Amino acid sequence: MSLAPFFTFFSLGAMTQIPPPDERQDLIGLSREQLGALMLSLGEKPFRAKQVWHWLYHRGVTDIQAMTTLSRPCRDKLAQHCTIRRPEIVREVTSSDRSRKWLLRFADGQEVETVYIPEEDRGAACLSTQVGCTLTCRFCHTGTQMLVRNLSTAEIIGQFMAARDSYGEWPTPTDDTRLLSNIVVMGMGEPLFNYDNLATALKIAMDPEGIAMSRRRITVSTSGVVPLIRRLGAELAVNLAISLHAPSDELRDHLMPINRKYPLAELMQACREYPGASNARRITFQYVMLKGINDSPADARALLGLVRGIPCKFNLIPLNPWPGAPFEGSDDATIERFAAFLNDAGYSAPVRTSRGQDILAACGQLRSASQREPLSRLKARIAAGIEEEAGHRRL
Ligand code: SAH
Ligand code: SF4
């Protein structure tokens, strides 16, 4: 047998082992203005930007050559300088309750998770905004992970696009049958500490000539970064969810160190002033039920006093347990009692059923299944976090 073919294969393999880094501009994540400026810099007319936008966000193409309304020379020039990236899907798991979870990897190897949560009226893509989190909420598994970095605009909107790829929902369905009908920004990280990238990503999602998601179908959840809640309301006016979890400053300081920087009175004032807050468009207060910590009838009563005058609803969340969690979840009867108390006072307070238990769908769990921090370091970090006056100083 001749060795020639073997050597040919071997040398080819060696040559292609380390591909040169692709330094072309990613088209995903540019605002409309930035895309317009880019096309102009390539010597193209402004209306080309509108066409490219349509291909990217309405049709969901991943190949510049598929943009067939552009002339061949225009496509070639664009492809020479630009590319269309998607996060790499490392793992995809679908739960028996139809929730689906993706572990996504970006160009630098960092990973986040994105979840599809089926709801009665279709479903929501739950997006992450940071790798890890600077805050150290004591019940949260992401809070035990160091912040690695903020996600870029492309990485935030790219999660939604990867989810849409997975469900084959391109071109953007216009007949309201789409499964991915909503966006909730409730994944890893504190969204408002990555405000600029989040805002651009949500503007891309809301653009009527692309993904065309109504602001009423987008919800941003925050631990309570008061000044940025105001900015979110003024600039984006999407739905607001607050991770409340405690009816008093004393308890909230303990559970969520950010409360020391922005205490409840300030947080509630920002909610009262949130634009568009009305009975038709209520603020959601998320409340994780912790056994013997925040689940008594007195806590429920205090909660009602706290939110008086704010058009709101509650989301009662059974604790999603994780190894080493310092709390136990409340039992079902206690949660039911708590919910009934709020209902009797006229508030909607559904108990959020735990999704995807079989696929580790709690915040931060899929990523950390393979990247667990040593327990000793974790404990030291939690202790340090409690001492920290403003949890976000580490950003
Ligand atoms: N960081 C943002 C958004 C993401 S977390 C925020 O805190 O609002 C989504 C929701 O799940 C938040 O209300 C968060 O407090 C809650 N959560 C975190 N860890 C949890 C756990 N182990 N069990 C149940 N809910 C949890
Ligand atoms: Fe960060 Fe939200 Fe977890 Fe708090 S609950 S540590 S803000 S991800």
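Coordinates for the structure precede this section.
The sections below set out a description of the structure shown in this document. Just so you know, these numbers come straight off a predicted model, no measurement behind them.

## What about the nonpolar core?
By size, the foremost hydrophobic cluster in this structure holds 107 residues, and its most contacted members are Leu27, Met67, Leu78, Phe139 and Phe285. Residues lining this core come from more than one domain, with at least three contributed by each of domain 1 (4–85) and domain 2 (88–373). Each residue touching Phe139, except ones within four places of it in the same chain, is listed here: His245, Leu255, Met256, Val288, Leu290, Leu319, Trp322 and Phe327. By size, the runner-up hydrophobic cluster in this structure holds 5 residues, among which are Val115, Ile117, Ala124 and Val184.

## So, the packing of aromatic side chains
Scanning the model with the defined rule gives 6 aromatic pairs in all. Taking 4.8 Å as the distance between ring centres and 55 degrees as the angle between the ring planes, the aromatic pair formed by Tyr116 and Tyr167 counts as tilted. Of the two residues, Tyr116 sits in strand β5 (residues 111–118) while Tyr167 sits in helix α5 (residues 153–167), which places them 51 residues apart along the sequence. Of the two residues, Tyr116 and Tyr167, neither departs from the other in class, the shared state being buried. Taking 6.1 Å as the distance between ring centres and 40 degrees as the angle between the ring planes, the aromatic pair formed by Phe285 and Phe314 counts as tilted.

## As for the side chain of Thr172
You can see Thr172 is positioned in the loop between α5 and β9 (180–185). On the accessibility criterion, Thr172 (5% relative accessible area) is buried. Of note is the side chain of Thr172, whose polar atom sits 3.3 Å from the backbone oxygen of Tyr57. The contacts of Thr172, once residues within four sequence positions are left out, are Tyr57, His58, Arg164, Arg178, Gly210 and Ile211.

## Considerations on the pattern of salt bridges
Evaluated as defined, the whole model comprises 17 salt bridges. Residue Glu209 pairs with Arg32 through a salt bridge whose shortest N-O separation is 3.1 Å. Note that Glu209 is positioned in the loop between α6 (195–206) and β10 (218–222) and Arg32 in helix α2 (residues 32–41), a separation of 177 residues in sequence. Looking at Glu209, the relative accessible area reads 32%, which means it is partly exposed. Accessibility expressed as a relative area gives 28% for Arg32, which makes it partly exposed. For the salt bridge of Arg231 with Glu235, the shortest nitrogen-to-oxygen distance reads 3.1 Å. Of this pair, Arg231 and Glu235 both sit in helix α7 (residues 226–235), 4 residues apart, roughly one helical turn. With a relative accessible area of 41%, Glu235 lands in the partly exposed category.

## Some words on the site of ligand 2
Every residue close to ligand 2 is listed here: Cys133, Leu135, Cys137, Cys140, Gly143, Gly189 and Ser223. Of the residues that constitute the shell around ligand 2, the class distribution is 4 nonpolar, 3 polar and no charged.

## A closer look at α5
Under the 1.5 Å per step criterion, the end-to-end length of α5 is 22 Å for 15 residues, consistent within 8% with the ideal 21 Å. Roughly 25 degrees is the biggest bend found in α5, and it falls at Gln159. Along α5, 13 of the 15 residues are buried, which leaves the element largely enclosed by surrounding structure. Positioned one or two residues after α5, Gly168 has a phi angle of 60 degrees, which is positive.

## Thoughts on the environment of Ala201
Relative to the elements of secondary structure, Ala201 occurs in helix α6. Overall, Ala201 belongs to the buried group, its relative accessible area being 1%. The spacing of Ala201 and Phe160 is 41 residues in sequence and 9.9 Å in space, taken between C-alpha atoms.

## Examining the packing of α5 against α6
One way to put it is that α5 packs onto α6 with a least axis distance of 8 Å and a crossing angle of 40 degrees. Taken as axis vectors, α5 and α6 run oblique relative to one another. For the pair α5 and α6, the crossing hand works out as right-handed. Within the contact between the two elements, α5 uses Thr153, Ile156 and Ile157 and α6 uses Asn197, Leu198, Thr200, Ala201, Ile204 and Ala205. Partitioning the contact of α5 with α6 into residue classes produces 6 nonpolar, 3 polar and no charged.

Conventions we followed
Residues numbered from 1 in each chain as written. Chains lettered and ligands numbered in written order. Predicted model: local features only at pLDDT ≥ 70, side-chain atom pairs only at ≥ 80, totals over all residues. Heavy atoms only, no water. Core = buried A, V, L, I, M, F, W, Y, C linked by side-chain atoms within 4.5 Å. Buried < 20%, exposed > 50% of the residue type's maximum accessible area, 1.4 Å probe, protein only. Domains from an automatic or database assignment. Contact = heavy atoms within 4.5 Å. Phe/Tyr/Trp six-rings, centres within 6.5 Å; stacked < 30°, edge-to-face > 60°. Helix = DSSP H or I, 4+ residues; strand = E, 2+ residues; numbered from the N terminus. Polar contact = N/O pair within 3.5 Å; in protein donor to acceptor, adjacent residues only side chain to side chain. Salt bridge = Lys/Arg side-chain N within 4 Å of Asp/Glu carboxyl O. Near = heavy atom within 4 Å. Nonpolar A, V, L, I, M, F, W, Y, C, P; charged D, E, K, R; others polar. Expected span 1.5 Å × (residues − 1). Bend = angle between axes of the 7 residues up to and from the residue. Axes fitted to C-alpha atoms, helices over the stretch in contact; angles between N-to-C directions. Parallel < 35°, antiparallel > 145°, perpendicular 65-115°, else oblique. Left-handed = near helix turned anticlockwise from the far one by under 90°.

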